Amino acid sequence: MGDPMLGERKECQKIIRLKSLNANTDITSLARKVVEECKLIHPSKLNEVEQLLYYLQNRRDSASGKEKKEKSSKPKDPPPFEGMEIDEVANINDMDEYIELLYEDIPDKVRGSALILQLARNPDNLEELLLNVALYLLLNLAEDTRTELKMRNKNIVHMLVKALDRDNFELLILVVSFLKKLSIFMENKNDMVEMDIVEKLVKMIPCEHEDLLNITLRLLLNLSFDTGLRNKMVQVGLLPKLTALLGNENYKQIAMCVLYHISMDDRFKSMFAYTDCIPQLMKMLFECSDERIDLELISFCINLAANKRNVQLICEGNGLKMLMKRALKFKDPLLMKMIRNISQHDGPTKNLFIDYVGDLAAQISNDEEEEFVIECLGTLANLTIPDLDWELVLKEYKLVPYLKDKLKPGAAEDDLVLEVVIMIGTVSMDDSCAALLAKSGVIPALIELLNEAPAYLIDLMHDKNNEIRKVCDNTLDIIAEYDEEWAKKIQSEKFRWHNSQWLEMVESRQMDESEQYLYGDDRIEPYIHEGDILERPDLFYSSDGLVASEGAMSPDFFNDYHLQNGDVVGQHSFAGSLGMDGFGQSVGILGRPATAYGFRPDEPYYYGCGSR
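Residues numbered from 1 in each chain as written. Predicted model: local features only at pLDDT ≥ 70, side-chain atom pairs only at ≥ 80, totals over all residues. Heavy atoms only, no water.

**Points about empty space enclosed by the protein**
Item 1. For the coordinates displayed, the defined rule picks out 2 cavities of 30 Å³ or more.
Item 2. One number sums up the size of the largest cavity: a volume of about 40 Å³.
Item 3. Lining the largest cavity are I278, L281, M282, C301, L304, I314 and M338.
Item 4. Secondary structure elements with two or more residues in the lining of the largest cavity: α16 (277-287) and α17 (295-304).
Item 5. Sort the elements by how many residues they give to the lining of the largest cavity and α16 lands first, with 3 residues. (1 Å grid on protein atoms, 1.4 Å probe; cavity = no way out; pocket = protein on both sides within 12 Å on 5 of 7 lines; lining within 4 Å. Points joined across faces, edges and corners; volume = space filled by probe spheres on them. Helix = DSSP H or I, 4+ residues; strand = E, 2+ residues; numbered from the N terminus.)

**Some points on a negative patch on the surface**
Item 1. A contiguous patch of negative charge, built from D94, D96, E97, E100, E104, D105, E170, E210 and D211, is present on the exposed surface.
Item 2. Contributions of two or more residues to the negative patch are made by α3 (95-101) and α11 (210-223).
Item 3. The element best represented in the negative patch is α3, accounting for 3 residues.
Item 4. Positionally, D94 belongs in the loop between α2 (46-71) and α3.
Item 5. Exposure remark for D94: the relative accessible area of 31% places this residue in the partly exposed category. (Patch = residues over 30% accessible without salt bridge, like charges linked within 9 Å, V, L, I, M, F, W, Y side chains within 5 Å. Areas by Shrake-Rupley, 256 points an atom, 1.4 Å probe, with all protein chains shown as cover. Salt bridge = Lys/Arg side-chain N within 4 Å of Asp/Glu carboxyl O. Lys, Arg positive; Asp, Glu negative; His and termini not counted. Charge placed at Lys NZ, Arg CZ, Asp CG, Glu CD. Buried < 20%, exposed > 50% of the residue type's maximum accessible area, 1.4 Å probe, protein only.)

**As for the packing of aromatic side chains**
Any aromatic ring pair is given by two values, namely how distant the centres are and how the planes are angled relative to each other.
Item 1. Counted according to the given criterion, the structure contains 1 aromatic pair.
Item 2. Taken together, a centroid distance of 5.5 Å and an interplanar angle of 75° make the contact between F272 and F300 edge-to-face. Here the residue F272 occupies a position in the loop between α15 (266-269) and α16, and F300 occupies one in helix α17, the gap between them amounting to 28 residues. Each member of the pair, F272 as well as F300, is classed as buried.
Item 3. Positioned above the aromatic ring of W486 is the side chain of K489, whose terminal nitrogen or guanidinium carbon lies 4.8 Å from the ring centre. (Phe/Tyr/Trp six-rings, centres within 6.5 Å; stacked < 30°, edge-to-face > 60°. Lys NZ or Arg CZ within 6 Å of the ring centre and 35° of its normal.)

**Brief notes about the pattern of salt bridges**
Item 1. Tallied over the entire structure, the rule returns 20 salt bridges.
Item 2. Taking the shortest distance from any N to any O, the salt bridge between K181 and E148 comes out at 2.5 Å. With a gap of 33 residues between them, K181 in helix α8 (residues 169-182) and E148 in helix α6 (residues 145-153) connect regions that are remote in the sequence.
Item 3. Of the charged contacts, one joins R152 and D191 as a salt bridge, the two residues approaching to 2.5 Å between their closest N and O atoms. Here R152, found in helix α6, pairs with D191, found in helix α9 (residues 186-194); they are 39 residues apart in sequence, far enough to count as distant.
Item 4. Overall, the relative accessible area of 4% leaves R152 in the buried class.
Item 5. Through salt bridges with shared partners, a single ionic network connects K337, R340, E375 and E419.

So, in structure tokens, the structure goes:
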């Protein structure tokens, strides 16, 4: 086994190091202190301890004489304090606590001084202080956008993200605050993505330091607007950590906003079912004393209700009953929207709505707020339950006249008309209801509404949702095959959309003296409405570029020199004719930058010959 190492404990054995033992030490006092501090030594052994210390003192004196000449050239570290050693390891984060000890009794003063001395002997701690001061100065200077751009070009984001590996709370608060300020610009956010910032932030949640946890959550909120970063947050396990913070009033609101952003992605909705998030949210809903629930809370719940597994947890016990009771009492359209999402899922949860069909149908009237009626009508339209007697519902609550009236042109907003059409489709699955609606004259109203469909589809052809665009394109193609008039309109609109950037520039340009020089004196004819774009040969392209009319110049004129975000870009930087600041940006031309820094996110931020 070998000899025991210094400081190693064995059964009934403890090695005590006496670094401060010297010729001036009071042996009697030190022996008494050792006996008091070491529980393994019985008080009756005090004399033996004193004799042993006396022997060690004499031996130390004789040995020190031999080493005196060898060590005379090296400065000797002062002892931590006289009479005893300290086994505690100092932490820079506890500096305030050590300073407080200096105002206490002598033993605490000695302990505090020893711990501060231990920190002062480590040069890394003094580097921490310098870094703190430097970052604080940079943060203040970054209030000026141009100065902040200089810092960005010097890779300030990369430096800050690397600093997240440090353990100093005060420094981390400053670093995270700086990153939060920078994160509002997409360029900086992209740099943070490259540095895997989410992996570094996850270790700070949860955190004992309230200020650090608060500012970290706010930074995550800024980053959560990015789809890829939301994906990263889920991968590194932030979901359960954020869910745990919902029970803390200090962080509940921010944590809920981050979770709301995560819940917008369908692939992550089901993951909430494996946390205690939904029970906490339901408790918040039922304990809310205001008529209107907090927007963040109800929006979060609406998203979660779009997942079938989450809905099963929401409806456990009296969940659905309590939601219906509150929604009908306060006429809350957002809470009813959550209920509507619950009703869309097939299975046992849909059958729970049979008890509330009458309550929902009673809300379908002109007396209620339209937004609330839309959600109630949408909920009823989702109830495709075979055993439900829709004929009885239509007659008892006089819904047929209401549905027919809302189909008249201009009688209701589009959202309400859509829900009316869906409702008619749901109840028409019942043969008796279909016959009832046919006799009421609803069919001609539906046909008239169908004639207006192409115009709606053309508007939706430019929707942000890719799936909606695909459906609209396919439907418009079918319409174009059977109607020549609509075919021409659809063709013109598609041409306009695919060439929108160039056409919008031509349409929106106001004719002044300088622009008349560029485009001639002819009036630019508005497209689509007053003339057919397909019949404009002067805008056709040839092998030499744009075929322009006499006196006009083609866009090739701009190939060498043109304006981009308010800067002259081309083969020459025009450094002698335009004022350029230290970042290579023109100061004499006003423009609308794509970002706060004056360049587009998809362009490299290098500068021409005129920049310094």
